[in-house]
Structure formats: C-alpha cells, structure tokens
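Spelled out, the chains give:
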Amino acid sequence: MPLPFLTADRAFDTTDHVALPFDDHDQWRRPYRPGSWRVGSAALALLLASFVLLAAVIIAVAGAFGGAGVTFGLAALVIVASLRMLRVGTWVSRAGVRRVGFLTTVTVPWAKVTSVRTAQQPVRWLGLPRTVQGQALVLDRRGGDQLLLLTTHNADFLSRVEAFDRAADTVEAWNAEYGTDPTATR
C-alpha cells in the first residue's frame, strides 16, 4: 500500500507544472532526498552518541566530573558531526547553487555559472580515495573552474541511478531558469 504523504517523491508525481504552496525559490533547498548511506551512517553516529551520553551520565554519577565533561563533549562532537553529515550535498535557490561539504561550503551565483552538465568520468566511491567509473554532475564556472556537484557513487546516490538522473535534471532546470540571463554580459 503506497503512502505518498510520507515520502518526498510526491512532488515529482504531478503532471501539472503549477508551483506548490511551499515552493519558495528564495530558500535554499536540496533537489533530492538524502540517500540511505548518508541517513544510515548519521543514524549510527547518533546511536553511538546516545551510548556515549549514557556513559557520561554514569561517569558523572560516579563522581568523576572531569571525565564526565570530556565524555559529554565527545558526545556533543559526535552529534554535531552527524547533523553536519546530513547537511552535506548540493543545494539550490534563486541566488545560485551551493555545494555543502563536511568542512567547507562553496556557493556559486547563477550569474557565474557557464554550464551544468552530466559527464561520464571516474568518481570517488562514498567519498573514499577509491575511484570507479560513474556519472557526475559538473558545474563549469566563469574562468574555467569546475565544481563537482553530484556523483552516482556518493552517499546520496549509490545504487539509486534514477534518483541521480532526476536530481541532475532538477539542477539543470534550475540553471536553465536562473542561470541564463540574456541581458547579462559574461
């Protein structure tokens, strides 16, 4: 029994092109759902943090407040890291495209984007140094710089090729809508 009200895919099931009431193009949004690898690893990290918090409470009850403080700090660090892991990805808005990494964030205004294209190339598998052949959504900036937005083998799209195609098409559509300004000189 499908439950469309529980999924984020129902926005793609409509055939009409009427903007939905929550469709605000000025807010940063991820044009895809986070993948199971990303959500699963964040859930495991939060589970680990809950055990570390329990250990911190036990240490505090035992009277070792210095050790409890360090353990609470470690749990807070794991919680912040898992929440940041969920934020990693590509975000779009009317202002431009934003590539959020674990430690860095790069924002490119649409006026500085020359093209957004899908390319067949070696990509990193789950962000590890190992590379495999796959597809990547590449953003070309003015000045010749390139920014890798999405890949078929990252934590969001591993074993989800259709989701990658849909997300790549969505980012390309945002570029077509806001990136091409015929009155602007490039």
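Draft legend 1. Broad picture of the nonpolar core. In this structure, Val97, Trp110, Leu137, Leu139, Leu149, Leu150 and Phe157 are the most contacted members of the largest nonpolar core, which totals 20 residues. For this core, the elements supplying multiple residues, two or more each, are strand E4 (113-124), strand E5 (131-141), strand E6 (146-151) and helix H3 (161-178). The element contributing the most residues to this core is H3, with 7 residues. The contact partners of Val97, leaving out residues within four places of it in the chain, are Trp28, Thr90, Trp91, Val92, Val106, Thr107, Val108, Trp110, Leu139 and Leu149. In terms of nonpolar packing, the next biggest core, distinct from the first, is built from 5 residues, Ala119, Val123, Ala136 and Val138 among them.

Draft legend 2. Region of the structure containing the packing of aromatic side chains. Throughout the structure, instances matching the rule amount to 3 aromatic pairs. Relative to Phe157, the ring of Tyr32 has its centre 4.8 Å away and its plane inclined at 55°; by these criteria the two rings are tilted. Pair noted here: Tyr32 is in the segment before helix H1 (36-62) and Phe157 is in the loop between E6 and H3, with a separation of 125 residues, a long-range link. The same class applies to Tyr32 as to Phe157, namely buried. Arranged with centres 5.7 Å apart and planes meeting at 80°, the rings of Phe157 and Phe164 form a pair that is edge-to-face. Directly above the aromatic system of Trp28 lies the positively charged group of Arg98, at a separation of 4.0 Å from the ring centroid. If you follow Arg130 out to its NZ or CZ, it ends over the ring of Trp125, 5.6 Å from the centre.

Draft legend 3. Structural detail: H3. Its 18 residues give H3 an end-to-end C-alpha distance of 26 Å, which sits within 8% of 26 Å, the value for a rise of 1.5 Å per residue. Looking at H3, one finds that the buried residues are Ala163, Phe164, Ala167, Ala168, Thr170, Val171, Trp174, Asn175 and Tyr178. On an axial view of H3, the arc spanned by its buried residues comes to 160°, and they lie on one face. The exposed residues of H3 that point more than 90 degrees off its buried face are Glu162 and Ala176.

Draft legend 4. Representation of H1. Taking 1.5 Å per residue as the helical rise, H1 with its 27 residues ought to reach 39 Å, and the 39 Å between its terminal C-alpha atoms agrees with that figure. Every buried residue of H1 is listed here: Arg38, Ala42, Ala45, Ala49, Val52 and Ala56. Contacts made by the buried residues of H1 are with helix H2 (65-87). Backbone geometry just after H1 places Gly63 at a positive phi near 105°.

Draft legend 5. Structural detail: the side chain of Thr90. For Thr90, the position within the fold is in strand E1 (residues 89-93). Take Thr90: its relative accessible area is 0%, and that puts it in the buried class. Contact partners of Thr90, with chain neighbours within four places excluded, come to Arg29, Arg30, Pro31, Tyr32, Val97, Arg98, Arg99, Leu149 and Leu150.

Draft legend 6. A look at the side chain of His153. Checked against the element boundaries, His153 lands in the loop between E6 and H3. Beyond its immediate stretch of four places on either side in the chain, His153 contacts Val123, Arg124, Trp125, Leu126, Val132, Gln133, Gly134 and Leu158.

Draft legend 7. Structural view of the sheet that holds E5. Across the sheet, which stays open at both edges, the 3 strands sit in the order E4-E5-E6 with antiparallel pairing between neighbours. Either end of the sheet is taken by a strand with one partner, and the two such strands are E4 and E6. Taken pair by pair, the neighbouring strands of this sheet meet at an average axis angle of 30°, ignoring direction. Pairing analysis gives 5 bridges linking E5 to E6, with the strands arranged antiparallel.

Conventions used here
- Residues numbered from 1 in each chain as written.
- Predicted model: local features only at pLDDT ≥ 70, side-chain atom pairs only at ≥ 80, totals over all residues.
- Heavy atoms only, no water.
- Core = buried A, V, L, I, M, F, W, Y, C linked by side-chain atoms within 4.5 Å.
- Buried < 20%, exposed > 50% of the residue type's maximum accessible area, 1.4 Å probe, protein only.
- Helix = DSSP H or I, 4+ residues; strand = E, 2+ residues; numbered from the N terminus.
- Contact = heavy atoms within 4.5 Å.
- Phe/Tyr/Trp six-rings, centres within 6.5 Å; stacked < 30°, edge-to-face > 60°.
- Lys NZ or Arg CZ within 6 Å of the ring centre and 35° of its normal.
- Expected span 1.5 Å × (residues − 1).
- Arc of directions from axis to C-beta.
- Pairing = 2+ DSSP bridges.
- Axes fitted to C-alpha atoms, helices over the stretch in contact; angles between N-to-C directions.

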